[in-house]
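One letter stands for each residue in the lines below.
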Amino acid sequence: MSTRQVLLVNPARYLKDTYIFPPLHLLYIAQSIRRTGHEAEIVDIPYLINTQPEKFNLQDDSGIDYVLSKDFDILGIGSVVSSYSYCERLVKKVREKRDGLPIIIGGSLGLPVKELWEKHAPVDYICESDGELVIEQFMKCYPHNKEALRNIPGLHYLNEDGKYVGNKPELPMSLDYIPFLTYEEVDLEYYVENQRRWIKNVLCSGNYQFREDERFLPLLMSRGCVYECTFCFHFNRLHRKHSPKYIADYIEFMMHKYGATAFQIMDDLILINKKWLHEVCDEIIKRGIKVSFFSSGGKPNIVDKEILEKMKVAGFRRISYGIESGSQTMLDIMKKKTKVQDNYKAVSLMKEVGMPCTVNIVFGMTGETKKTMNETKDFLVSLDLTSKEYYAALATPYPGSPLFQHVLDKGIVEDTREYLFNLGGYADYKYNLTDMPRRKFLNKVIDLAYQVDRAYYKKRNQCRKILSITLEKYIKMIYHAIVPPDTRGRIKLKARLSDLIKGIFGMK
Ligand code: SF4
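The structure displayed is predicted, hence computed values, not measured ones.

### So, the overall build of the protein
Then step 1. Counting its regular elements, the protein contains 20 helices and 15 strands.
Then step 2. For a compact globule of 508 residues, the expected C-alpha radius of gyration is about 23 Å, and the protein comes in at 24 Å, within 12% of that figure.
Then step 3. With the C-alpha coordinates of the protein rotated into their principal frame, the extents come out at 75 × 55 × 45 Å.
Then step 4. Summarising the internal contacts of the protein: among those between residues at least 6 apart in sequence, 74% fall at separations of at least 24.
Then step 5. Taken as a whole, the protein presents about 22600 Å² of accessible surface, with 52% of it coming from carbon and sulfur.
Then step 6. Positive and negative charge centroids in the protein, built from 74 and 64 side chains respectively, lie 7 Å apart.

### Topic: the sheet that holds strand β8 (residues 216-219)
Then step 1. Pairing within the open sheet is parallel, and its 6 strands lie in the order β8-β11-β12-β13-β14-β15. What marks the edges here is a single partner per strand, and that holds for β8 and β15 (390-394). If you compare each strand with its neighbour and ignore which way they point, the axes differ by 20 degrees on average.
Then step 2. Where strand β14 (residues 357-363) and β15 come together, 5 bridges link them in parallel fashion. Each bridged residue has a counterpart across the sheet, and for Val-362 the counterpart in β15 is Ala-393.
Then step 3. Against the sheet, helix α13 (residues 340-353) contacts β13 (316-324) and β14, and its axis sits at roughly 165 degrees relative to β13.

### Quick word on the site of the ligand
Then step 1. Taken together, the residues surrounding the ligand are Cys-225, Tyr-227, Cys-229, Phe-231, Cys-232, His-234, Asp-268, Leu-269 and Lys-336.
Then step 2. The class makeup of the residues in the shell around the ligand is 6 nonpolar, 1 polar and 2 charged.

### Some remarks on the packing of aromatic side chains
Then step 1. Inspection of every chain in the model, using the stated rule, returns 22 aromatic pairs.
Then step 2. The interplanar angle of 80 degrees and the centroid separation of 5.5 Å between the aromatic rings of Phe-56 and Tyr-66 together place this pair among those described as edge-to-face. With a gap of 10 residues between them, Phe-56 in the loop between α2 (45-51) and α3 (62-68) and Tyr-66 in helix α3 connect regions that are remote in the sequence.
Then step 3. On the basis of relative accessibility, which here comes to 5%, the residue Phe-56 falls in the buried class.
Then step 4. Each ring, one from Tyr-246 and one from Tyr-250, has its centre 6.2 Å from the other, and the planes form 10 degrees; the classification is stacked. Of this pair, Tyr-246 and Tyr-250 are both found in helix α9 (residues 244-258), 4 residues apart, which corresponds to roughly one turn of the helix.
Then step 5. Here the aromatic residues Phe-180, Tyr-246, Tyr-250 and Phe-253 are joined through ring pairs into a cluster of three or more.
Then step 6. Positioned above the aromatic ring of Tyr-227 is the side chain of Lys-299, whose terminal nitrogen or guanidinium carbon lies 4.0 Å from the ring centre.
Then step 7. The positively charged end of Arg-460 is found above the aromatic ring belonging to Tyr-456, 3.7 Å away from the centroid.

### Here we look at the sheet that holds strand β5 (residues 125-127)
Then step 1. Spatial strand order, β2-β1-β3-β4-β5-β6-β7: 7 strands in an open sheet with mixed pairing. In this open sheet, the two edge strands, each paired with only one partner strand, are β2 (39-44) and β7 (164-166). For this sheet, the mean inter-axis angle between neighbouring strands, taken without regard to orientation, is 25 degrees.
Then step 2. By the bridge criterion, 3 bridges tie strand β6 (residues 155-158) to β7 in an arrangement that is antiparallel. Across the sheet, residue Tyr-157 finds its bridge partner in β7, namely Val-165.
Then step 3. Along the sheet face, helix α1 (residues 24-35) touches β1 (5-10), β2 and β3 (74-78) and points at about 170 degrees away from the line of β1.
Then step 4. Along the sheet, helix α4 (residues 84-97) makes contact with β1, β3 and β4 (103-106), crossing β3 at roughly 175 degrees.

Rules used in this analysis
Per chain, residue numbering runs from 1 following the sequence as it is written. Owing to the predicted nature of the model, reporting of local features is limited to residues with pLDDT of at least 70; listing and counting of side-chain atom pairs is limited to 80 or more, with chain, interface and lining totals taken over all residues. Side-chain numbers here rest on the full set of heavy atoms in the structure, without hydrogens or water. Numbering of helices and strands runs from the N terminus; a helix is a DSSP stretch of H or I covering at least four residues, while a strand is a stretch of E covering at least two. To get the radius of gyration, use the C-alpha atoms; to get the globule rule, take the number of residues to the power 0.38 and multiply by 2.2 Å. The contact criterion used throughout is that any non-hydrogen atoms of two residues lie within 4.5 Å. Where accessible areas are quoted, they stem from the Shrake-Rupley method and a 1.4 Å probe; at the residue level, only the protein chains shown are allowed to cover. All tallies of charge rest on Lys and Arg as positive and Asp and Glu as negative; His and the ends of each chain are not included. For charged residues, the charge sits on one atom: NZ in Lys, CZ in Arg, CG in Asp, CD in Glu. One requirement defines pairing of two strands: DSSP has to find at least two bridges between them. The axes are straight lines fitted to the C-alpha atoms, using for helices just the contacting stretch, and the angles between their N-to-C directions are given from 0 to 180°. Near, as used in this document, describes a residue that has one of its heavy atoms within 4 Å of the molecule or strand being considered. Polar here means any residue outside two lists: the nonpolar Ala, Val, Leu, Ile, Met, Phe, Trp, Tyr, Cys and Pro, and the charged Asp, Glu, Lys and Arg; Gly therefore counts as polar. The aromatic pairing rule takes the rings of Phe, Tyr and Trp, using the six-membered ring of Trp, and pairs them if the centres are within 6.5 Å, calling planes under 30 degrees apart stacked, those over 60 edge-to-face and the rest tilted. Residue burial is assigned from relative accessible area. The probe radius is 1.4 Å, only protein chains are included, and a residue is buried under 20% of its type maximum, exposed over 50%, and partly exposed in between. Any Lys NZ or Arg CZ that is within 6 Å of a ring centre and within 35 degrees of that ring's normal is treated as a charge sitting over the ring.

Below you can see the structure in the form of structure tokens.
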């Protein structure tokens, strides 16, 4: 058997991609490839752009030329659909320079937009769902056993008519077949430091004493989600898990090999199966493992005091909830399958248990009105939160999600490719889904944060703080009206003005 070299590319998603985690998906795939006796190398484009800005950027083909300077027999690209425009450019250039070289893509970049690939830059294969199993079988069959290749579960290939056809993936419910990750091939210290900084900055107020020497690594305890929120994309509606023993072994392995002291849990939804989570916490407590966990994805209607208390003992320091809205109308539109009261109870319980939490809110879905936004404001005020304790995202339809189908059906988006080329960053809100004028809606988001803060400080008689946030609100509105989103990160005007205001009011 001749050894093949597979190059795995993590493309950038936006103009200024600040993704700070190691490319976990490609690390898993690289391990699978090596298990078959072949070689794999990873190129992480966001890492190159962030660490060598003088050499790499997204406006030109510097990252693509770097990919082409490598020696490889197969190209793999794994990412989310927002990287489509970059990847189409990459695929076209690889075709131009290295015609005949097989290209395989995976993640939401692939199947949800397969028609675009068929029409504009046909890649040879698209991988559906878990790439590890697919690539392992692929490497065993490629290139000689064409028949076997076509029968690989989860692999879609281009047929004679230029259409992708393939088989449903096999999805083991236990994920314990996946070997532990190793990080030797990436610049681990870069990711450890970036995660540390990010966690520190996003930590809401609470009782957690942030340790400056904390070493963060990502941790995947499960994959998938059984819910169908309209703005979210999933390949399937399954929640597949590692066993408590595997998770505890993995944590100990990361502690000893890489000095990990804290983990950012990357699961789509962790609080979904309470029995399993109890067992995971029990195993961690039983072994006396002392690390911190920061976790996204708690389903509010599943939470109770008992599980939160156990999670706290096991080392959980913060959980974020996908609350999304304080309006029942909006929760129903989003198919959240939760009630406003459940959400209220879940956040209140966190306060009772003494664990900080972040409340994720999505503004600007279809059906959003001034009334529903006011309901969300009332909800946040009733919880006595500040704007630092909730994260406001603006609704963005991604191909593959029911929300995207809706914008296609309504004619809000007519051309998916053009849409993806103009998508921009998460704060752009290029497509207004509400019935309000766009600027009015965006100002309402800013005003809502102000109202929430104002209520908080009023309750505490902090008049100077109220004056400061009032001035800040108007500056923010003007700033957002005149400075385009792409420029905001570069000039940092808002942060400077905010510092100035704090200085004037003696808040520094
Ligand atoms: S938003 Fe969260 S709960 Fe809803 S489908 Fe996505 S992962 Fe599941």
